[in-house]
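# Coordinate inspection notes
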Amino acid sequence: KAGVTQTPRYLIKTRGQQVTLSCSPISGHRSVSWYQQTPGQGLQFLFEYFSETQRNKGNFPGRFSGRQFSNSRSEMNVSTLELGDSALYLCASSLGGLADTDTQYFGPGTRLTVL
Amino acid sequence: AQSVTQLDSHVSVSEGTPVLLRCNYSSSYSPSLFWYVQHPNKGLQLLLKYTSAATLVKGINGFEAEFKKSETSFHLTKPSAHMSDAAEYFCVVSETSGTYKYIFGTGTRLKVLA
């Protein structure tokens with residue numbers, strides 16, 4: 001079974017731009033969660049989507065948004081980029097999602113650099 | 001509220017010696033606990049998972065962890081370190097109550113000396 005895939009793997013943007021990251025979950029998984037990883041803040045939960053609905057949300061500003069499609073693929077969008085948004089963005093998929101304390105399987109991440 | 005504390009930010013061991021990475025958790029309910037490993041520039045890989053079955057959990061690559069409710073601990077161990085074990089390790093707690101979240105510890109960077 002193919003693992004979680006994320007595209008692109010690397011991105012360089014400038015302040016004020018917007019960016020869209022993509023995540024394809026493991027086949028059959030309906031939950032997709034997004035995390036931001038930085039050296040200073042560690043791993044922080046952004047949001048979770050399950051069956052095309054946002055089910056959980058972390059403490060991030062509204063510039064961070066996401067969506068999930070009917071095939072469970074998910075996209076994350078960050079608008080009006082700031083230098084502090086430079087991070088590794090990780091996507092994780094699971095069968096039932098966080099509500100079932102299901103095991104999450106992580107993708108390799110997208111490294112976003114904001115200049 | 002749930003939380004997780006990894007007691008050491010860095011651990012160094014010699015190759016062939018035991019590994020101990022410490023994790024304490026706080027949870028109002030029966031938690032699920034996980035250990036993940038992250039190699040440089042890679043995503044997180046699941047090492048093992050505890051979900052209220054056996055308290056001693058065996059994972060991949062010779063790692064195991066013991067759930068001790070009385071000590072609220074879930075320490076990760078390995079009898080003999082290998083150079084390829086050098087990575088960052090994350091302890092995670094999750095519980096099915098209220099808002100559902102996966103809470104990560106701050107990570108322990110394991111260095112293996114030749």
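The structure displayed is predicted, hence computed values, not measured ones.

For chain B, the helix and strand inventory stands at 0 helices and 12 strands. Starting at the N terminus and walking to the C terminus, you meet the elements of chain B as β-β-β-β-β-β-β-β-β-β-β-β. Taken against the 2.2 N^0.38 rule, which gives 13 Å for 114 residues, the C-alpha radius of gyration of chain B at 14 Å falls within 12% of a compact globule. Dimensions along the principal axes, computed over C-alpha positions, put chain B at roughly 45 × 30 × 20 Å. For chain B, the residues scored as buried account for 44% of the 114 residues in total. Total accessible area on chain B stands at roughly 5,500 Å², and carbon and sulfur atoms take up 51% of it. Here chain B holds 10 positive side-chain charges and 8 negative ones, and the gap between their average locations is 4 Å.

Moving on, we come to the packing of aromatic side chains. Scanning the model with the defined rule gives 14 aromatic pairs over all chains in all. For the ring pair Tyr35(A) and Phe106(A), a centre distance of 5.6 Å and an interplane angle of 45° mean the geometry is tilted. On the criterion of sequence distance, the pair formed by Tyr35(A) in strand β4 (residues 31-38) and Phe106(A) in strand β10 (residues 105-106) is long-range, its members being 71 residues apart. Note on accessibility: Tyr35(A) and Phe106(A) belong to one class, buried. Relative to Phe104(B), the ring of Tyr36(B) lies with its centre 6.3 Å away and its plane at 40°, an arrangement referred to as tilted. Of the two residues, Tyr36(B) sits in strand β5 (residues 32-38) while Phe104(B) sits in strand β11 (residues 102-104), which places them 68 residues apart along the sequence. Joined through ring pairs, the aromatic side chains of Tyr35(A), Phe45(A), Phe106(A), Phe34(B), Tyr36(B), Phe90(B) and Phe104(B) make up one cluster. Positioned above the aromatic ring of Phe50(A), the side-chain terminus of Arg55(A) is 4.2 Å from the ring centre.

The rules we used
Residues numbered from 1 in each chain as written. Chains lettered and ligands numbered in written order. Predicted model: local features only at pLDDT ≥ 70, side-chain atom pairs only at ≥ 80, totals over all residues. Heavy atoms only, no water. Helix = DSSP H or I, 4+ residues; strand = E, 2+ residues; numbered from the N terminus. Rg over C-alpha atoms; globule rule 2.2 N^0.38 Å. Buried < 20%, exposed > 50% of the residue type's maximum accessible area, 1.4 Å probe, protein only. Areas by Shrake-Rupley, 256 points an atom, 1.4 Å probe, with all protein chains shown as cover. Lys, Arg positive; Asp, Glu negative; His and termini not counted. Charge placed at Lys NZ, Arg CZ, Asp CG, Glu CD. Phe/Tyr/Trp six-rings, centres within 6.5 Å; stacked < 30°, edge-to-face > 60°. Lys NZ or Arg CZ within 6 Å of the ring centre and 35° of its normal.

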